[in-house]
Amino acid sequence: MTMRLDYLSIFPGYFDVLDISLLGKAVDNGLVEVHAHDLRDWTHDRHRTVDDTPCGGGAGMVMKPDPWGEAFDGIIGIEPDPSVHVIFPTPSGIPFTQSAAQELSTVERVVFCCGRYEGIDHRVIDYARTMWTVHELSLGDYVLNGGEVAALAITEAVVRLIPGFMGNPESLAEESFSPGQERLLEYPLFTRPVSWRGMDVPEVLMSGHHGRIAEWRREESLLLTRDRRPDLTD
Ligand SMILES: CC(C)N1CCN(Cc2ccc(Cn3ccc4ccc(-c5n[nH]c(N)c5C#N)cc43)cc2)CC1
């Protein structure tokens, strides 16, 4: 299966990065197909206007619905299709999680709608919900300037789960936040040299005793999780 990813943004250049690294490899081997679109291509005025003042007053500008609607018509089509998943990154979205990434990794078509300014006219989201499967997602409780960085993060989390993307799928199953995994943070990692700037790799990791190593790693994960993410231990 090839996953088609579309990105609608006034800064489509953000997505040039998808041609490099592992994602670039996924594109090369046909696992994903990436299309970035400039929302301004669906404006008709000289200034290629995409925003206007908020109805009801308030700070900042809101993205006009017209360019989004015309872009949807051109990129996705005018017929409803629930198999198309449209993602609106937004500060008011549902927190994006590994299980959401897992679910999205089985989808054949995802369209990211990257807002800017204070956000997108809500009728755009309401319209999209009548046509496709819509997800309003947030990366976390901090403020970004737009949806592009979130779209890139969600893309990486999703694409790496597509069967055939990662060379060693077993490693995915062991990761934190993977389904079936106890919700623990990763233990500390070490590699050669064994001694570096007066600091040595923990002896147990050099012992070759797999039982003791597993025990040490679990204990380290438990300590780290209790210290940094007590919410995961509920
Ligand atoms: C006027 C007054 C009462 N409002 C009060 C609340 N403010 C919230 C506000 C702040 C900034 C932005 C900028 N922005 C535009 C599109 C967009 C998409 C995603 C994100 C985003 N930020 N953080 C995440 N985890 C995100 C995700 N995913 C941010 C975006 C949009 C919205 C807006 C102003």
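By convention here, each chain's residues receive numbers from 1 onward along its written sequence. It should be noted that, the model being predicted, local features are given only for residues of pLDDT at least 70 and side-chain atom pairs only at 80 or more, the latter also being counted only at that level, while totals for whole chains, interfaces and linings use all residues. Heavy atoms throughout the structure, all of them, feed into the side-chain values; hydrogens and water do not.

### Some words on helix α2 (residues 65-75)
In an α-helix, one turn spans 3.6 residues; hence positions three or four apart end up facing the same way. Only protein chains enter the calculation, and the probe is 1.4 Å; a residue is then buried if its accessible area is under 20% of its type maximum, exposed if over 50%, and partly exposed in between. Strands are runs of DSSP state E lasting at least 2 residues, helices are runs of H or I lasting at least 4, and numbering of each runs from the N terminus. P67, W68, A71, F72 and I75 are the residues of α2 that are buried. Take α2 and look down its axis: the buried residues cluster within an arc of 135°, on one side only. Considering only its buried residues, α2 is in contact with β1 (3-9), β2 (32-38), β4 (62-63), β5 (84-95), β6 (109-113) and α4 (122-131). The directions considered for the arc are those from the helix axis to the C-beta atoms. Two residues qualify as a contact provided that any one of their heavy atoms is within 4.5 Å of a heavy atom in the partner residue.

### So, the domain arrangement of the protein
Marked domain ranges trace back to an automatic or database domain assignment. Per the domain assignment, the segments making up the protein are domain 1 (3-160) and domain 2 (169-232). Taken over C-alpha atoms, the centre of domain 1 sits 36 Å from the centre of domain 2.

### Quick look at helix α5 (residues 148-159)
Its 12 residues give α5 an end-to-end C-alpha distance of 16 Å, which sits within 8% of 16 Å, the value for a rise of 1.5 Å per residue. Across the 12 residues that make up α5, a large majority, nine, are buried. Helix span, expected: 1.5 Å multiplied by one less than the number of residues in the helix.

### Considering the pairing of β6
Of all five residues in β6, five are buried, a share of seventy percent or more. Along β6, one buried face is formed by R109, V111 and C113 and the opposite face, lined by V110 and F112, is buried too. We treat two strands as partners when DSSP finds at least two bridges between them. Judged from the four bridges that link them, β5 and β6 form a sheet pairing that is parallel. The residue of β6 that forms the bridge with V86 is V111.

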